[in-house]
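# Structure at a glance
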Amino acid sequence: MTVRIGSLTVKSRVYVPPMAGVTDIVFREIVRSVDSECMLATEMVSSRALLNRPETRLMDIAADEHPIGIQIFGHEPDIMASAAQMAQAKGADFVDINMGCPVPKITKGKDGCALMREPELAREIVRTVRSAIDIPLTVKFRLGWDDQTRTAVAFGEMIEEAGADAVTVHGRTRQQLYSGKADWEFIGKVKRALSIPVFGNGDVFETQDAARLLEVTGCDGVAVARGTLGNPWLIGRITKLLETGKLDDLPDDVERLITAYMHCLGLIRYKGVRIGTNESRRHLTHYTKGIVGAAPYRARLTQIESAADGAQILAELAELVGGAEGRRRFLLAVEQNNFENCEEISKGDSHAKNSVQAPVDFDPVAPVAIP
Ligand SMILES: Cc1cc2nc3c(=O)[nH]c(=O)nc-3n(C[C@H](O)[C@H](O)[C@H](O)COP(=O)(O)O)c2cc1C
């Protein structure tokens, strides 16, 4: 089933929405490898910061990532319009405006969800950005600021009238942050009031949750964020379920550990050892959730200083879950990956697959010492 977002037709109803610190190019490559059609989005990018740092890598898009949107935040219509033009020039398929971020650092400057309290300004932003770009424009927001002001229906109508081509609605208020349960019934009210596609969002952690959200809300698509942490397969499995009614098998634990390592290595190569290992720690612990007996290993994963540290601990875990054969499978995958990347680098083709493989600080991680 397709969804039409302005001039863009997407073949999937599944969307991985922006997550700051998560949906970078490395994470997105992994999601794309398990779902070739879902919609993707970058992390949010500050429109004002772009004025000073237009070269930010937050807007980097790989050739095989489409359909993908770049999300911008801010509250100054002209500055947001310039940011949207930069996003368009970067090759985004759509621009998404963040009107849902609840973090005080963002909302105190009238950005993110604060715009739900400034509907006139939000309208002007949508109109100004709309007229500055040719690609589709989407907006992501919440149910409202707090329980007393659940304004999402009127807000959505205004956003549509101002020219947005689709919206994503997270079924919580700003006040709730991430507490309580996402109110899918209320998302349904927004859906019924609008003619543009609505992506329902909030609390999809299992494959069947997505089907239920679509049923309850009547939404055109489903946006799945936290459920993908350490579990990118969720996206491919949701797509399969929605398209065929069938459930794919879950990857086994060794497969999960191999992907965890690839994620860690990708981050280190793309962002450098210091930032890459730092960011990997959190992801690695997500990948190991649910593995019986993993707690002590998880604690060690939060301390890694290099890809080799990660490989060492993950290999031990692979042995825990799969015995000697599990360890062998894991190490073979590590070795194969190192070999492929060394070949690409030695050919002088640092962008052999795509920019994810750019060998930032490659030396310190290759070859990874195999335990
Ligand atoms: C770590 C993290 C970072 C997020 N960053 C963004 C962001 O940059 N822009 C945005 O619109 N929403 C952001 N969100 C919100 C998610 O896109 C989503 O709306 C929210 O997590 C609810 O969906 P879920 O229950 O599927 O996680 C973020 C959420 C998390 C957990």
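Residues numbered from 1 in each chain as written. Predicted model: local features only at pLDDT ≥ 70, side-chain atom pairs only at ≥ 80, totals over all residues.

Looking now at the domain arrangement of the protein chain. Taken domain by domain, the protein chain holds domain 1 (3-244) and domain 2 (253-365). On a C-alpha basis, the centroid separation for the pair domain 1 and domain 2 is 30 Å. Counting residues at the interface gives 10 residues for domain 1, matched by 12 residues for domain 2. Classifying every residue of the side of domain 1 that touches domain 2 gives 6 nonpolar, 1 polar and 3 charged. (Domains from an automatic or database assignment. Contact = placed C-beta atoms within 7 Å. Nonpolar A, V, L, I, M, F, W, Y, C, P; charged D, E, K, R; others polar.)

Our next topic: the nonpolar core. Membership of the largest hydrophobic core comes to 100 residues, with the highest contact counts inside it found for Ile72, Val222, Val224, Leu257 and Leu314. Of all the elements, helix 10 (residues 253-271) adds the most residues to this core, at 10 residues. Taken domain by domain, the makeup of this core includes at least three residues from each of domain 1 (3-244) and domain 2 (253-365). Beyond its immediate stretch of four places on either side in the chain, Val224 contacts Val14, Val16, Val204, Ala210, Leu234, Ile235 and Ile238. (Core = buried A, V, L, I, M, F, W, Y, C linked by C-beta atoms within 7 Å. Buried ≥ 20, exposed ≤ 12 C-beta atoms within 10 Å, placed from the backbone. Helix = DSSP H or I, 4+ residues; strand = E, 2+ residues; numbered from the N terminus.)

This brings us to the site of the ligand. Looking at the ligand, there are 22 residues lining it, with Pro18, Met19, Met44, Ala225 and Arg226 nearest. Across the shell around the ligand, the residue classes tally to 10 nonpolar, 8 polar and 4 charged. (Near = placed C-beta within 6 Å.)

On to the sheet that holds strand 6 (residues 94-99). Reading across the sheet, the 8 strands line up as 3-10-9-8-7-6-5-4 and stay open at both edges, with parallel pairing between neighbours. In this open sheet, the two strands that pair with only one neighbour each are strand 3 (14-15) and strand 4 (40-46). Sheet topology note: the strand 8 (residues 166-173)/strand 9 (residues 198-201) ladder contains 4 bridges and is parallel. Bridging across to strand 9, His170 finds its partner in Asn201. Against the sheet, helix 7 (residues 184-193) engages strand 7 (137-144), strand 8 and strand 9, with an angle of about 150° to strand 8. (Pairing = 2+ DSSP bridges. Axes fitted to C-alpha atoms, helices over the stretch in contact; angles between N-to-C directions.)

This part covers unusual backbone geometry. Following His66, the chain continues into Pro67 via a peptide bond in cis, with omega recorded as 0°. Along the chain, the position of Pro67 falls in the loop between helix 2 (47-52) and strand 5 (68-73). The phi angle at Leu177 is positive, at roughly 50°, despite the residue not being glycine. Look at Leu177 and you get exposed, because 11 C-beta atoms sit within 10 Å. The backbone phi angle of Asp203 is positive, close to 70°, even though this residue is not glycine. Along the polypeptide, Asp203 turns up in the loop between strand 9 and helix 8 (207-217).

What follows covers the packing of helix 8 against helix 9 (residues 233-244). Axis separation between helix 8 and helix 9 bottoms out at 8 Å; the angle between their running directions is 50°. It follows from the interaxial angle that helix 8 and helix 9 lie oblique. Where helix 8 crosses over helix 9, the handedness of that crossing is right-handed. The segment helix 8 lies against helix 9, with Thr207, Ala210 and Ala211 engaging Leu234, Arg237, Ile238, Leu241 and Leu242. Looking at the contact of helix 8 with helix 9 residue by residue, the classes come out as 6 nonpolar, 1 polar and 1 charged. (Parallel < 35°, antiparallel > 145°, perpendicular 65-115°, else oblique. Left-handed = near helix turned anticlockwise from the far one by under 90°.)

Along helix 7, the residues that are buried comprise Trp184, Phe186, Ile187, Gly188, Val190 and Lys191. Of the surrounding secondary structure, the elements contacted by the buried residues of helix 7 are strand 7, helix 6 (152-162), strand 8, strand 9 and helix 8.

Contact geometry of helix 3 (residues 77-89) with helix 5 (residues 119-132) gives a least axis separation of 8 Å together with a crossing angle of 35°. Of the two possible hands of crossing, helix 3 and helix 5 adopt the one that is right-handed. Touching Pro77, Asp78, Met80, Ala81, Ala84 and Gln85 of helix 3 are Glu124, Ile125, Thr128, Val129 and Ala132, all from helix 5. Split by residue class, the contact of helix 3 with helix 5 holds 7 nonpolar, 2 polar and 2 charged.

What follows concerns the pairing of strand 7. Extensive coverage of strand 7 is indicated by the burial of 8 of its 8 residues. With 5 bridges connecting them, strand 6 and strand 7 associate as parallel partners. Along strand 7, the bridge assignment pairs Ile97 with Val139. Pairing of strand 7 with strand 8 involves 6 bridges; the strand directions are parallel. Paired with Thr138 across the strands is Ala166, a residue of strand 8. The parallel pair strand 7 and strand 8 is bridged by helix 6, and the resulting crossover is right-handed. (Right-handed = clockwise from strand over helix to strand, strands pointing away.)

This part covers helix 1 (residues 25-34). For helix 1, the buried fraction is high: 7 of the 10 residues fall into the buried class. For helix 1, every residue scored as buried is listed here: Ile25, Val26, Phe27, Arg28, Glu29, Val31 and Arg32. Contacts made by the buried residues of helix 1 are with strand 4, helix 9 and helix 10.

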